[in-house]
Amino acid sequence: MDAVISKNDYIEIVDRLRNDCDLNDEKLSLLLHCEDTEVNDYLYSQAREVREKYYGKNVYLRGLIEFTNYCKNNCYYCGIRAGNNNAERHRLSEEEILSCCDLGYELGFRTFVLQGGEDPHFSDDTIVSIVKNIKEKHPDTAVTLSIGEKEKDSYKRFFDAGADRYLLRHETADREHYEKLHPADMSFDHRMQCLRDLKKIGFQVGCGMMVGSPFQKTESLIKDIRFLQEFRPHMVGIGPFIPHHDTEFAHKEQGGVQLTLRLLSIIRLILPDVLLPATTALGTVDATGREKGLKAGANVIMPNLSPTQVRGKYLLYDNKICTGDEAAECIKCLSMRVEKTGYRIARSRGDHIFLKNEVEKNTKML
Ligand code: SF4
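As a starting point, this report considers the structure included with it.

How each quantity is defined
- Residues numbered from 1 in each chain as written.
- Predicted model: local features only at pLDDT ≥ 70, side-chain atom pairs only at ≥ 80, totals over all residues.
- Helix = DSSP H or I, 4+ residues; strand = E, 2+ residues; numbered from the N terminus.
- Buried ≥ 20, exposed ≤ 12 C-beta atoms within 10 Å, placed from the backbone.
- Contact = placed C-beta atoms within 7 Å.
- Near = placed C-beta within 6 Å.
- Nonpolar A, V, L, I, M, F, W, Y, C, P; charged D, E, K, R; others polar.
- Pairing = 2+ DSSP bridges.
- Core = buried A, V, L, I, M, F, W, Y, C linked by C-beta atoms within 7 Å.
- Expected span 1.5 Å × (residues − 1).
- Arc of directions from axis to C-beta.
- Axes fitted to C-alpha atoms, helices over the stretch in contact; angles between N-to-C directions.
- Right-handed = clockwise from strand over helix to strand, strands pointing away.
- Parallel < 35°, antiparallel > 145°, perpendicular 65-115°, else oblique.
- Left-handed = near helix turned anticlockwise from the far one by under 90°.

Overview of the overall build of the chain
A tally of regular secondary structure across the chain gives 15 helices and nine strands. Based on the C-alpha atoms only, the size of the chain along its principal axes is roughly 60 × 45 × 40 Å. Here the chain, with 366 residues, has 47% of them falling under the buried criterion. For the chain, the share of sequence-separated contacts (at least 6 apart) that also reach a separation of at least 24 residues comes to 78%.

Dropping the structure here:
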């Protein structure tokens, strides 16, 4: 079938995607697998035009604080899963988390992402107290939580305490695929329910998936795309799958950079106003991966604000970049990289475009 598809046909497919924010499964599949450089460049250029229409040249920063690498779960792909006895564990205290935020604030960050494994040590009360303290000290910042699956009441408490956003990667919208990536005590339905609860409560919600994870088929990616179209998250985090040496997927093939870039552009075109990070995983598999991501429609980067002595311990996958630099160095390096792409780092909260006005109004009232 591929043989009868000309370059012009592919260009038409991209145009249709841009105009309709949609494609049928057959055309999506063709585009996902298209390796023609000219077509890919065209796809990226369309995604760039759309991101610039909504967000101009701005690239939004999220200061990532990896505050615990303890986790009760055992996702097969993850280097910090409970069963990995070789993982060196760490937890930051509440004071340490707050001082990461203070440093980040001085460096110009206006969003903090508190990321951790599902660590029962941090009770709901503790999370509520951390969120309240950050918001009290830095009321003009956004707090994002990325601490996994909880029950709706817990999410509601975090929201009421002032948390603005929640990131919970769905990892795959294909149930069968999910079950190959996770042990039987983890539930696809619960993960999806969590995402729906978060949205209903009022969080800006981010989901996302690994690209090229073991057992992923084209149909799985199409299910991901259909899920994104239906769920309409505010943010989508995708990055190539990278094996970790202490997991059962240690010898599985890494996800492809080109496929990740094509997917970034496709997501930008189906959800034009979405916040889309150029992820650290993309920068890990390709030294200029984050720049390529920005040129393919991404508009967010998430530098690490965790203290340098613990960064090397939050290893979900191997060879993770930026585990040694101080936050100030990181931001200098990233600013230069971003400028080279023709974009600029925005020192603002970087809310989803349709929530921005509302948030600004509320912040002024504080
Ligand atoms: S992917 Fe997340 S939930 Fe799964 S083991 Fe790793 S930290 Fe825990």
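Once you've had a look at it, read on.
Re the site of the ligand
Around the ligand sit Cys71, Asn73, Cys75, Cys78, Ile80, Arg81, Gly117, Glu118, Gly148 and Leu316, and those are all the residues in its vicinity. Of the residues that constitute the shell around the ligand, the class distribution is five nonpolar, three polar and two charged.

Points about the sheet that holds strand β8 (residues 300–301)
Across the sheet, three strands lie side by side as β8-β1-β9; this open sheet has parallel pairing. In the strand order of this sheet, the two ends are held by β8 and β9 (344–346), each with one partner. Relative to β9, strand β1 (residues 58–61) is paired through three bridges, and the arrangement is parallel. Note that in β9 the partner of Tyr60 across the bridge is Ala346.

Digging into the environment of Glu49
You can see Glu49 is positioned in helix α3 (residues 37–55). Note: C-alpha distance between Glu49 and Asp318 (269 residues apart in sequence) is 34 Å.

A few points about the nonpolar core
Grouped burial of nonpolar side chains is what soluble globular proteins tend to show. Counting residues in each nonpolar core, the largest one holds 100 residues, and the members touching the most others are Ile65, Leu114, Leu264 and Ile267. Those residues in contact with Ile65 that sit more than four places away from it in its chain are Ile97, Cys100, Phe112, Val113, Leu114, Gln115, Leu305 and Ser306.

Regarding helix α14 (residues 327–340)
If you check α14, its first and last C-alpha atoms are 20 Å apart, about what 14 residues at 1.5 Å a residue would give, namely 20 Å. Taken residue by residue, α14 has Ala327, Ile331, Leu334 and Val338 as its buried positions. Projected down its long axis, α14 shows its buried positions confined to an angular sector of 70°, all on one face. Along α14, the residues that are exposed and aim more than 90 degrees away from the buried face are Ala328, Met336, Glu339 and Lys340. The secondary structure elements touched by the buried residues of α14 are β1, α4 (94–106), α12 (289–295), β8 and β9. At the C-terminal side of α14, Gly342 shows a positive phi close to 90°.

Focus on the sheet that holds strand β7 (residues 235–240)
Read across the open sheet, the six strands follow the order β2-β3-β4-β5-β6-β7; overall the sheet is parallel. What marks the edges here is a single partner per strand, and that holds for β2 (63–68) and β7. Adjacent strand axes in the sheet meet at a mean angle of 20° when their direction is disregarded. Relative to strand β5 (residues 165–167), strand β4 (residues 142–146) is paired through two bridges, and the arrangement is parallel.

As for the pairing of β2
Burial within β2 is extensive, with six of its six residues counted as buried. With respect to chirality, the unit in which β2 leads through α4 into the neighbouring parallel strand β3 (residues 111–116) is right-handed.

Considering unusual backbone geometry
Located in the positive-phi region is Phe215, a residue other than glycine, with phi close to 70°. As for its position among the elements, Phe215 is in the loop between β6 (204–211) and α9 (218–231). On the neighbour-count criterion, Phe215 (15 C-beta atoms within 10 Å) is partly exposed. Positive phi, close to 50°, is recorded for Arg232, a residue that is not glycine. Looking at the element boundaries, Arg232 is found in the loop between α9 and β7.

Brief notes about the environment of Asp286
Tracing the chain through its elements places Asp286 in the loop between α11 (280–285) and α12. A sequence separation of 29 residues divides Asp286 from Val257, and the C-alpha atoms of the two residues are 7.3 Å apart. Those residues in contact with Asp286, other than ones at most four positions away along the chain, are Val257 and Lys292.

Remarks on the packing of α3 against helix α10 (residues 257–270)
Between α3 and α10, the shortest axis-to-axis distance is 9 Å and the interhelical angle comes to 40°. The angle between α3 and α10 falls in the class oblique. Here α3 runs over α10; the crossing is left-handed. Along the contact surface, α3 presents Asn40, Leu43, Tyr44, Gln46, Ala47, Val50 and Arg51, while α10 presents Gln258, Leu261, Arg262, Leu264, Ser265, Arg268 and Leu269. Split by residue class, the contact of α3 with α10 holds seven nonpolar, four polar and three charged.

Re the pairing of β4
Across a regular strand the side chains alternate sides, sitting on one face of the sheet and then on the other. The buried fraction of β4 is high, at five of five residues. Here β4 shows two buried faces, one formed by Ala142, Thr144 and Ser146 and the other by Val143 and Leu145. Pairing of β3 with β4, which is carried by five bridges, proceeds in the parallel orientation. Note on β4: the bridge partner recorded for Val113 is Thr144. Traced from β3 through helix α5 (residues 124–137) to β4, the parallel crossover comes out right-handed. Following the backbone out of β4, through helix α6 (residues 152–160) and into the adjacent parallel β5, one traces a crossover that is right-handed.

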